[in-house]
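Fold and contact review
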Amino acid sequence: MRYLTEEERHIATRFLFLSMAIVVIQQDIQHIERGAFKIKEPYTELLETMATVAGSERRELRTQMSKRRIEVVTLHKNDSFSSFLFLCQGREEKRNYFNPAIRKKVHAIIQELMQKSLPSFPKPVSAKT
């Protein structure tokens, strides 16, 4: 049964999946820094810009969640499913997500962040010699 409004659910799920995307971005930065990349800077700069954009959005979501008294709690995780509890002003709603569906949602957010970050990404320097 659904006890949260559509708007409350949207805020809570966006916060949840955006938080997961930030973790993935931070892990990717570490992998690139430790990896055998010859030129790491363009990749790390793009990922850091994406992390900044995501962090700003997550702060806004956290503010909205605080005003509306919305919380997201992780209940269970296994190989196939993850369960989360959404709390809002004394109401609660348990949601189960198929892990590949979570991956798909996080993937979409990462693509969205990449598109938002690319316009502000520095223009390439000419390699003419």
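Residues numbered from 1 in each chain as written. Predicted model: local features only at pLDDT ≥ 70, side-chain atom pairs only at ≥ 80, totals over all residues. Heavy atoms only, no water.

Comments concerning the pattern of salt bridges
Within this structure, the stated rule accounts for nine salt bridges. Here Arg 68 ties to Glu 7 by a salt bridge, and the two come within 2.7 Å at their closest N and O atoms. A residue pair is termed long-range when its members are at least 10 positions apart, and Arg 68 in helix α2 (residues 41-68) and Glu 7 in helix α1 (residues 6-34) qualify at 61 residues. Across the salt bridge formed by Arg 14 and Glu 112, the nearest N and O atoms sit 2.7 Å from each other. In this pair, Arg 14 sits in helix α1 while Glu 112 sits in helix α3 (residues 99-117), placing the two residues 98 residues apart along the sequence. On the basis of relative accessibility, which here comes to 27%, the residue Glu 112 falls in the partly exposed class. (Salt bridge = Lys/Arg side-chain N within 4 Å of Asp/Glu carboxyl O. Helix = DSSP H or I, 4+ residues; strand = E, 2+ residues; numbered from the N terminus. Buried < 20%, exposed > 50% of the residue type's maximum accessible area, 1.4 Å probe, protein only.)

Overview of unusual backbone geometry
With phi around 55 degrees, Arg 69 is a residue other than glycine that occupies positive phi space. Arg 69 sits in the exposed class, given a relative accessible area of 54%.

What about a negative patch on the surface?
On the surface, a cluster of negative charge is contributed by Glu 33, Glu 41, Glu 45 and Glu 48. It is α2 that provides the largest number of residues to the negative patch, a total of three residues. Tracing the backbone through its elements, the reader meets Glu 41 in helix α2. (Patch = residues over 30% accessible without salt bridge, like charges linked within 9 Å, V, L, I, M, F, W, Y side chains within 5 Å. Areas by Shrake-Rupley, 256 points an atom, 1.4 Å probe, with all protein chains shown as cover. Lys, Arg positive; Asp, Glu negative; His and termini not counted. Charge placed at Lys NZ, Arg CZ, Asp CG, Glu CD.)

Quick word on the packing of aromatic side chains
Taken as a whole and assessed by the stated rule, the structure comprises four aromatic pairs. Look at Phe 17 and Tyr 97: their rings are 5.3 Å apart centre to centre, the planes differ by 85 degrees, and that puts the pair in the edge-to-face class. You can see Phe 17 sitting in helix α1 and its partner Tyr 97 sitting in strand β3 (residues 91-98), a full 80 residues away along the chain. Classification of Phe 17 as buried rests on a relative accessible area of 5%. Residue classification places Tyr 97 among the buried positions, given a relative accessible area of 8%. (Phe/Tyr/Trp six-rings, centres within 6.5 Å; stacked < 30°, edge-to-face > 60°.)

Some points on the environment of Met 50
Tracing the backbone shows Met 50 in helix α2. For Met 50, a relative accessible area of 1% corresponds to the buried category. C-alpha separation for the pair Met 50 and Ile 110, spaced 60 residues apart in sequence, amounts to 8.0 Å. With residues near it in sequence (within four places) discarded, Met 50 still touches Ile 25, Ile 110, Leu 113, Met 114 and Ser 117. (Contact = heavy atoms within 4.5 Å.)

A look at the environment of Glu 60
As for its position among the elements, Glu 60 is in helix α2. For Glu 60, a relative accessible area of 52% puts it in the exposed group. C-alpha of Glu 60 to C-alpha of Phe 15: the two residues are 45 residues apart in sequence and 9.5 Å apart in space.

Comments concerning the pairing of strand β2 (residues 81-88)
With six of its eight residues buried, β2 lies for the most part within the structure. As judged from the seven bridges shared by strand β1 (residues 70-77) and β2, these two strands associate in the antiparallel manner. Residue pairing in the sheet places Thr 74 in a bridge with Phe 84 of β2. Connecting β1 to the next strand, β2, in antiparallel fashion are three residues. Pairing between β2 and β3: eight bridges, direction antiparallel. Looking at β3, one finds that Ser 82 is bridged to Tyr 97. Taking the residues between adjacent antiparallel strands as the criterion, β2 and β3 are bridged by two residues, where Gln 89 takes a positive phi near 50 degrees. (Pairing = 2+ DSSP bridges.)

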